[in-house]
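Each chain, letter by letter, is given below.
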Amino acid sequence: EAATMGLASLDAPFEYRFSWRGLPGRSYRLEPVSPPRWKNLRAVVRAPRGERVFVLGSATAVRARGGDWVSIVGEPEEELSSATLRVSASDAPLAMRSASGGAWSASFLATQDASLVVDALALDGRSDPSPPSYALLVVADEAPKVELLSPQMPLQASPEDAVPVAYAARDD
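Residues numbered from 1 in each chain as written. Predicted model: local features only at pLDDT ≥ 70, side-chain atom pairs only at ≥ 80, totals over all residues. Heavy atoms only, no water.

> How would you sum up the nonpolar core? Please name residues and give values.
Core analysis: the biggest nonpolar cluster contains 26 residues, and Trp38, Ile72, Leu85, Phe108, Leu116 and Leu136 have the highest contact counts within it. For this core, the secondary structure elements donating two or more residues are strand 3 (38–47), strand 5 (62–65), strand 6 (69–76), strand 7 (80–87), strand 10 (104–109), strand 11 (114–122) and strand 12 (133–139). Not counting residues within four places of it along the chain, the set of residues in contact with Leu136 comprises Val62, Ala64, Phe108, Gln112, Asp113, Ala114 and Leu116. (Core = buried A, V, L, I, M, F, W, Y, C linked by side-chain atoms within 4.5 Å. Buried < 20%, exposed > 50% of the residue type's maximum accessible area, 1.4 Å probe, protein only. Helix = DSSP H or I, 4+ residues; strand = E, 2+ residues; numbered from the N terminus. Contact = heavy atoms within 4.5 Å.)

Written out as structure tokens, the structure reads:
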């Protein structure tokens, strides 16, 4: 004889007992165990104009310009055997590396909008079956804009004359 049992989810302790031909068997108890979690998971966007940090899990999407270097960094709440970063715009997941101090990180070049998913595998084999996804929004890096402010009228000058010039420059 065979028996099958299934649970949609285990979010509270579940006790069960099997019986066979009217004879009760011993009692069993399943305890829910949470998947590995991250604390202080963040995206660090490095660009020529400086560095910006985005906390993953907040309502704010990670914003970068095409060509910016993006690092995903976080400390797990428990020891991990491995971790990977899945970037939807990439064919293969990136292996995250553990550094001194317990932080794990992986980096990539931002080229287009993508979703980011961090997978963690605990030492005992637990993982999150549906880890959260974070948005990466990439905008094109526009060329700087320069506007000549003065002189505003055509000007005649000899090669020895000094001509004062004023301009305004903007970069995104």
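> So what about the sheet that holds strand 10? Which residues, and what values?
Adjacent strands of a sheet pair through backbone hydrogen bonds, lying either parallel or antiparallel. Taken in spatial order, the five strands of this open sheet run 4-3-6-10-9, and their pairing is antiparallel. Because the sheet does not close on itself, it has two edges, and the strands there are strand 4 (50–55) and strand 9 (97–98). Relative to strand 10, strand 9 runs antiparallel, the two being bridged by two bridges. Within the sheet, the bridge partner assigned to Arg97 lies in strand 10 and is Ser105. (Pairing = 2+ DSSP bridges.)

> Give a description of the sheet that holds strand 7 that names residues and reports values.
A sheet is described by the order of its strands in space; here five strands give the open sequence 5-12-11-7-8, paired in mixed fashion. At either margin of the open sheet sits one strand with a lone partner, and together these are strand 5 and strand 8 (94–95). Across two bridges, strand 7 lies against strand 8 in antiparallel orientation. Residue pairing in the sheet places Leu85 in a bridge with Leu94 of strand 8.

> Hey, could you go over the environment of Glu160 for me, with residue numbers and the actual values?
Locating Glu160 in the fold gives a position in the loop between strand 13 (145–150) and strand 14 (166–170). Spatially, the C-alpha atoms of Glu160 and Ala95 are 63 Å apart, while their sequence positions differ by 65 residues.

> Just give me the short version of the pairing of strand 14, but keep the residues and values in it.
Counting buried positions along strand 14 yields zero of five residues, so the element is predominantly exposed. Of the strand pairs in this sheet, strand 13 and strand 14 are connected by five bridges, and their pairing is antiparallel. Following the sheet pairing, Leu148 is matched in strand 14 by Tyr167.

> I'd like a description of the environment of Ala61, backed by residues and values.
Among the structural elements, Ala61 can be located in the loop between strand 4 and strand 5. Classification of Ala61 by relative accessible area gives buried; the value is 18%. Ala61 sits 76 residues away from Leu137 along the chain, and the two C-alpha atoms are 6.8 Å apart. Beyond its immediate chain neighbours, meaning those up to four positions away, Ala61 contacts Phe54, Ala135 and Leu137.

> Before we move on, could you go through the environment of Arg29 and cite the residues and values that matter?
Mapped onto the fold, Arg29 is located in strand 2 (residues 23–30). Residues Arg29 and Phe14, spaced 15 residues apart in sequence, show a C-alpha to C-alpha distance of 5.6 Å. For Arg29, the contacting residues outside a window of four places in its chain are Pro13, Phe14 and Glu15. A polar contact is formed between the side chain of Arg29 and the side chain of Glu15, at a distance of 2.7 Å. (Polar contact = N/O pair within 3.5 Å; in protein donor to acceptor, adjacent residues only side chain to side chain.)

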